[in-house]
Amino acid sequence: MTAPLRDRLAKIISSTFFALPIDMTAAEVSLALADALLASEEWRARKAVVEDRPRIVCLCGSTRFWETFRDEGLHLTLEGKIVLSIGVCAPDSMTLAHPESEEGKRQKSALDALHKHKIDLADEVLVLNVGGYVGDSTLSEIVYALARGKEIRWLEPDSGAVILARLAAVSP
């Protein structure tokens, strides 16, 4: 959060907080502060920008199904959605010089981290679970997206439900 934004939020909170009755519970204070923030002009302006823009979808799945990334990306784009996808529609063996080398492993790790940043930007995640397949990288992306409250959709919903059930069984 930038300092100017933090300062504006602090001003809204302090002007609201000091106007509240002294006998309010912590929950009532929290709700009053949330209401004040949501009613602020800046919040309404930011919300309008998000509501006016197309929905952002991040595609997740194994790059072995790069044709599915290409096809689903085109389909969603034609629906008017912003699509975040893999950088190149080709399998790892074509994009990483030597996938099993130390350099290849570093590249894959960097690309995995970059894809999680794409998930952060997205409104929803579409898991391309072709034939029910979800590898370790994709599974980590699903867990990451769920932890951030992202909506998850599945190319193949039936196998998606099985994957979610497996995740729920191992979650603490």
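Above: the structure in question.
First, a word on what this report is: a plain description of the structure on this page. (Residues numbered from 1 in each chain as written. Predicted model: local features only at pLDDT ≥ 70, side-chain atom pairs only at ≥ 80, totals over all residues. Heavy atoms only, no water.)

**Re the overall build of the chain**
Where we set the bar: Working definition: helices are DSSP H or I runs of at least four residues, strands are E runs of at least two. Numbering for both runs from the N terminus. In what follows, residue pairs with any heavy atoms lying within 4.5 Å of each other are defined as contacts.
Within the chain, the regular secondary structure consists of eight helices and four strands. Ordered by position from N to C terminus, the α and β elements of the chain give α-α-α-β-α-β-α-α-β-α-β-α. Sequence separation of at least 24 residues holds for 69% of the intrachain contacts in the chain that already meet a minimum separation of 6.

**As for the pairing of strand β1 (residues 56-61)**
The test is simple: A 1.4 Å probe rolled over the protein chains alone gives each residue an accessible area, and that area as a share of the maximum for its type sets the label: buried under 20%, exposed over 50%, partly exposed in between. Pairing between strands is defined by DSSP: at least two bridges between the two strands are required. The crossover handedness rule: strands pointing away from the viewer, path from first strand over the helix to second strand clockwise, crossover right-handed.
For β1, the tally of buried residues reaches six of six residues, placing the bulk of the element in the interior. Here β1 shows no split at all, with Ile56, Cys58 and Cys60 on one side and Val57, Leu59 and Gly61 on the other all buried. The pairing of β1 with strand β2 (residues 82-84) spans three bridges and is classified as parallel. Residue pairing across strands places Cys58 opposite Leu84, the latter belonging to β2. In this region the chain leaves β1, passes through helix α4 (residues 66-78) and returns to the parallel neighbour β2; the handedness of that crossover is right-handed. With five bridges joining them, β1 and strand β3 (residues 124-128) adopt parallel strand pairing. Opposite Val57, over in β3, you have Glu124 as the bridge partner.

**Focus: the packing of helix α7 (residues 136-147) against helix α8 (residues 157-170)**
The axes of two packed helices give the description: the angle between them and the distance between them. What counts, and what does not: Axis definition: a line fit to C-alpha positions, over the contact stretch in the case of helices; interaxial angles, taken between N-to-C directions, run 0 to 180 degrees. Roughly parallel covers angles under 35 degrees, roughly antiparallel covers those over 145, roughly perpendicular covers 65 to 115, and oblique covers all other angles. Residues are grouped as follows: Ala, Val, Leu, Ile, Met, Phe, Trp, Tyr, Cys and Pro are nonpolar; Asp, Glu, Lys and Arg are charged; every other residue, Gly included, is polar.
Look at α7 against α8: their axes get within 12 Å of each other, and the N-to-C directions meet at 75 degrees. Considering their axes alone, α7 and α8 lie roughly perpendicular with respect to each other. Seen from α7, the contacting residues are Leu139, Ile142, Val143 and Leu146; seen from α8, they are Ile163, Leu164 and Leu167. When its residues are assigned to classes, the contact of α7 with α8 shows seven nonpolar, no polar and no charged.

**A short note on the environment of Gly132**
For Gly132, the position within the fold is in the loop between β3 and α7. Taking the relative accessible area as the measure of exposure, Gly132 reaches 26% and is therefore partly exposed. Counting along the chain gives 23 residues from Gly132 to Leu155, while the straight-line C-alpha distance between them is 9.1 Å.

**With respect to the sheet that holds strand β4 (residues 151-154)**
With parallel pairing, four strands are arranged side by side in an open sheet as β2-β1-β3-β4. For this open sheet the edge positions go to β2 and β4, each flanked by a neighbour on one side alone. Direction aside, neighbouring strands of the sheet carry axes that sit 30 degrees apart on average. Inspection of the sheet shows β3 paired to β4 by four bridges, in the parallel sense. Bridge assignment links Leu126 to a residue of β4, and that residue is Arg153. The sheet strands contacting helix α6 (residues 102-121) are β1, β2 and β3, and the helix crosses β1 at an angle near 145 degrees.

**Points about the nonpolar core**
Short version of the rule: Nonpolar core, defined: a set of buried Ala, Val, Leu, Ile, Met, Phe, Trp, Tyr and Cys residues in which side-chain atoms within 4.5 Å join the residues together.
Counting residues in hydrophobic clusters, the biggest one holds 16 residues, and the most contacted among them are Cys58, Ile119, Val125, Val127, Ile142, Ile152 and Trp154. Only β1, β3, α7, β4 and α8 provide two or more residues apiece to this core. Apart from the residues within four sequence positions on either side, Trp154 is in contact with Leu126, Val127, Asn129, Ile142, Gly160, Ile163 and Leu164. Judged by nonpolar contacts, the second largest core, of seven residues, contains Leu76, Ile86, Leu126 and Leu128.

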